[in-house]
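Chains, contacts and geometry: an overview
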Amino acid sequence: MTQLFVKNLSVIDFSYFDNRRGVLGESWIVDITLSGQLDDQGMVFDFGHVKKKIKHIIDTHLDHCFVISNQTKNLDVVKEAKQTKLSWKHNTGNYLHSSPHSSVLILDVKTINKTSIAKHLEQIILPELPKNVESIEIQLYEEQIEGAYYHYSHGLKKHDGNCQRIVHGHRSKIEIFENHQRSSKLEDYWSACFRNIYIGTKEDITAEFDLDGKSYITFSYAAQQGDFSVTLPKKRVYLIDTDSTVELIAEHVLQQCILRQPTNHYVVIAYEGVGKGAIARSPK
């Protein structure tokens, strides 16, 4: 038996419900190893097909989705013609989520983590591969980051791709320069602001209410893929005036820095997951 491997096949940007931390945005890098017999070309599987076929399965099935375990305490699932509706109670508060079926992945696992997600992907990918491929192994891991980073979830109603899904997220680093010097103080501050948070756009708010002594916010919008809505505890939300593209997040952080110290010069480098992001600079 021969093995074929591909490093950094893809990055999965998604959100899931963590029993300790709530709704959590993540970015996991994907490595894959295929084991099997050589085909007529002397290959286990053509590299080009690995990148196209397997990456497509991962991107379609999981990327930019909201993932939750069906064993989540107090979880109620209602599937209608076009919508999957979720509701559950947690010690941090009550949660509601409604979106098209393709935006939600419900797994029969005790815990959502790298191991359970990798096993699930292995199970759905292997049947789609040629018969000479006998097994696959997926490794998921986080980017190694020196310095500040944060986990956030959001949705982009104007996006024409899967970013319109109202609960998907990223694990992202941030770099801030104040007067041309790297500021770990500011990076740590914004990392704390965006830790385990949902970044919500004010114009998407459709309800605000109190229940059992806790405050909640509902965000809803109609997008190209369908209708989306999420209700979260207010303390798990960071509100901004604009949409939450990484460009606008970087600009928001920049303007908040300038507001505190108007005479200083700032450069904000905000990442969206791994290896991509936006730069916002003070006016010259």
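Here we summarise the structure given alongside this text. (Residues numbered from 1 in each chain as written. Predicted model: local features only at pLDDT ≥ 70, side-chain atom pairs only at ≥ 80, totals over all residues. Heavy atoms only, no water.)

Quick look at the packing of aromatic side chains
- In the structure shown here, the tally under the stated rule is 16 aromatic pairs.
- Measuring from centroid to centroid gives 5.2 Å for Phe 17 and Trp 88, while their planes differ by 75°, and the two rings are edge-to-face. Here Phe 17 is found in strand β1 (residues 2-18), whereas its partner Trp 88 is found in strand β5 (residues 83-90), with 71 residues between them in sequence. With respect to burial, Phe 17 and Trp 88 carry one shared label: buried.
- Aromatic pair Tyr 198 and Phe 219: ring centres 5.4 Å apart, planes at 35°, arrangement tilted. Here Phe 219 lies in strand β14 (residues 214-223) and Tyr 198 lies in strand β12 (residues 197-201), a separation of 21 residues in the sequence.
- By relative accessible area, which is 3% here, Tyr 198 ends up buried.
- Since its relative accessible area comes to 1%, Phe 219 is described here as buried. (Phe/Tyr/Trp six-rings, centres within 6.5 Å; stacked < 30°, edge-to-face > 60°. Helix = DSSP H or I, 4+ residues; strand = E, 2+ residues; numbered from the N terminus. Buried < 20%, exposed > 50% of the residue type's maximum accessible area, 1.4 Å probe, protein only.)

Description of unusual backbone geometry
- Despite not being glycine, His 64 shows a phi value in the positive range, around 65°.
- Relative to the assigned elements, His 64 resides in the loop between α1 (47-61) and β3 (66-69).
- For His 64, a relative accessible area of 10% puts it in the buried group.

Considerations on the side chain of Thr 72
- By secondary structure assignment, the location of Thr 72 is in the loop between β3 and β4 (76-79).
- A distance of 2.7 Å separates the side chain of Thr 72 from the backbone oxygen of Ser 69, its partner in a polar contact.
- Sequence-distant contacts of Thr 72, defined by excluding residues within four places in its chain, comprise Phe 17 and Trp 88. (Polar contact = N/O pair within 3.5 Å; in protein donor to acceptor, adjacent residues only side chain to side chain. Contact = heavy atoms within 4.5 Å.)

Brief notes about the nonpolar core
- If you look at the biggest cluster of nonpolar residues, it comprises 32 residues, and the most contacted ones within it are Leu 34, Val 50, Ile 54, Val 67, Ile 117 and Ile 125.
- When contributions to this core are tallied by element, the ones reaching two or more residues are β1, β2 (22-36), α1, β7 (104-107), α2 (114-125) and β8 (133-141).
- Among the elements that line this core, the one with the most residues is β1, at six residues.
- Those residues within four positions of Leu 34 in sequence are excluded, and the remaining contacts are Thr 2, Gln 3, Leu 4, Val 44, Phe 45, Val 50, Ile 54, Leu 129, Val 133, Ser 135 and Ile 136.
- Ranked by size, the runner-up nonpolar core spans 25 residues in total, among them Ala 148, Ile 174, Tyr 238 and Tyr 266. (Core = buried A, V, L, I, M, F, W, Y, C linked by side-chain atoms within 4.5 Å.)

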